[in-house]
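# Structural overview for review
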Amino acid sequence: NAGVTQTPKFQVLKTGQSMTLQCAQDMNHNSMYWYRQDPGMGLRLIYYSASEGTTDKGEVPNGYNVSRLNKREFSLRLESAAPSQTSVYFCASEMDGYEQYFGPGTRLTVT
Amino acid sequence: KQEVTQIPAALSVPEGENLVLNCSFTDSAIYNLQWFRQDPGKGLTSLLLIQSSQREQTSGRLNASLDKSSGRSTLYIAASQPGDSATYLCAVRTSYDKVIFGPGTSLSVIP
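Here goes a summary of the coordinates provided. (Residues numbered from 1 in each chain as written. Chains lettered and ligands numbered in written order. Predicted model: local features only at pLDDT ≥ 70, side-chain atom pairs only at ≥ 80, totals over all residues. Heavy atoms only, no water.)

Helices and strands together make up the secondary structure of chain A, namely 0 helices and 11 strands. Counting helices and strands in the order they occur from the N terminus, chain A gives β-β-β-β-β-β-β-β-β-β-β. In summary, chain A has a C-alpha radius of gyration of 13 Å against a globular reference of 13 Å for 111 residues, a match within 12%. With the C-alpha coordinates of chain A rotated into their principal frame, the extents come out at 35 × 25 × 25 Å. Across the 111 residues in chain A, those meeting the buried criterion constitute 48%. (Helix = DSSP H or I, 4+ residues; strand = E, 2+ residues; numbered from the N terminus. Rg over C-alpha atoms; globule rule 2.2 N^0.38 Å. Buried < 20%, exposed > 50% of the residue type's maximum accessible area, 1.4 Å probe, protein only.)

What follows concerns the interface of chain B and chain A. In this assembly, 17 residues from chain B lie in contact with 19 residues from chain A. Summed over both partners, the interface of chain B with chain A comes to about 1,500 Å²; 51% of that surface belongs to carbon and sulfur atoms. It is Tyr96(B), Asp97(B) and Phe101(B) in chain B that bury the most area against chain A; as a group they hold 33% of the surface buried on that side. On inspection of chain B and its partner chain A, the count reaches 1 salt bridge. Taken together, chain B and chain A are joined by 5 residue pairs in polar contact (both at pLDDT 80 or more). For the side of chain B that touches chain A, the secondary structure elements donating two or more residues are strand S4 (32-38), strand S5 (44-51), strand S9 (86-95) and strand S10 (98-101) of chain B. (Contact = heavy atoms within 4.5 Å. Buried area = accessible area lost by both parts, 1.4 Å probe. Salt bridge = Lys/Arg side-chain N within 4 Å of Asp/Glu carboxyl O. Polar contact = N/O pair within 3.5 Å; in protein donor to acceptor, adjacent residues only side chain to side chain.)

In terms of nonpolar packing, the biggest core is built from 24 residues, with Leu33(B), Trp35(B), Leu75(B), Ile77(B) and Tyr88(B) touching the most fellow members. For this core, the secondary structure elements donating two or more residues are strand S3 (19-25), S4, S5, strand S7 (62-67), strand S8 (72-77), S9 and strand S11 (105-110) of chain B. For Leu75(B), the residues in contact, after removing those within four places along its chain, are Leu19(B), Val20(B), Leu21(B), Trp35(B), Leu47(B), Leu48(B), Leu62(B), Asn63(B), Ala64(B) and Tyr88(B). Val4(A), Trp34(A), Ile46(A) and Tyr89(A) belong to the second largest nonpolar core, which has 20 residues in total. (Core = buried A, V, L, I, M, F, W, Y, C linked by side-chain atoms within 4.5 Å.)

In this section: the sheet that holds strand S6 (residues 56-59) of chain B. All names here are of chain B. Taken in spatial order, the 5 strands make up an open sheet running S1-S3-S8-S7-S6, and their pairing is antiparallel. Both outer strands of the open sheet, strand S1 (4-7) and S6, are each paired with one neighbouring strand and no more. When the angles between neighbouring strand axes are averaged without regard to direction, this sheet yields 15°. In terms of strand pairing, S3 meets S8 through 6 bridges, oriented antiparallel. Bridge pairing in S8 places leucine 19 opposite isoleucine 77. (Pairing = 2+ DSSP bridges. Axes fitted to C-alpha atoms, helices over the stretch in contact; angles between N-to-C directions.)

This is the structure in structure tokens:
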């Protein structure tokens, strides 16, 4: 039981490049989330998905897109990376309003 | 607007001490409150989840309490150990799709 997995662990991008962060969970959870964590700002919700086929914006969605490919996988895409998107990105999953389980994070630097 | 604060921001204690971490929130209309620990460079690990109808939850040396009317939760750690050194975050669920995280308390347990 791997829980929540994320790839890649680290990434360096140049301004304007694109990339997709991958997340998968094997706990049969309905809901999945993408957060970013920045010093002094705490954890902020980017997008979430309450079930397969649905996605909704969180607090800071600008510059990001998401895809809930199936119940297990929820990806986050940066179409044109900016230095302000330098952050640590966490994926989380839960079963309908109960405990959230987090992945190990992706450390992204945009130069 | 729900705001979550944690005091103190940092705490250093000698090994063996019992300690209390505090979490305050401004709106008592919450679904649940969850405590996490985060080790440096790692993801968040769920410690305890308290539903809004509950007063406390216990797991091993950890005990979390919830007082919705006063907007407070405490995490009590008994007989602290160096391995407890980490950042502790509380998170308040205000609706099905909204979880607000506190800024965290950085705990150091000195051998």
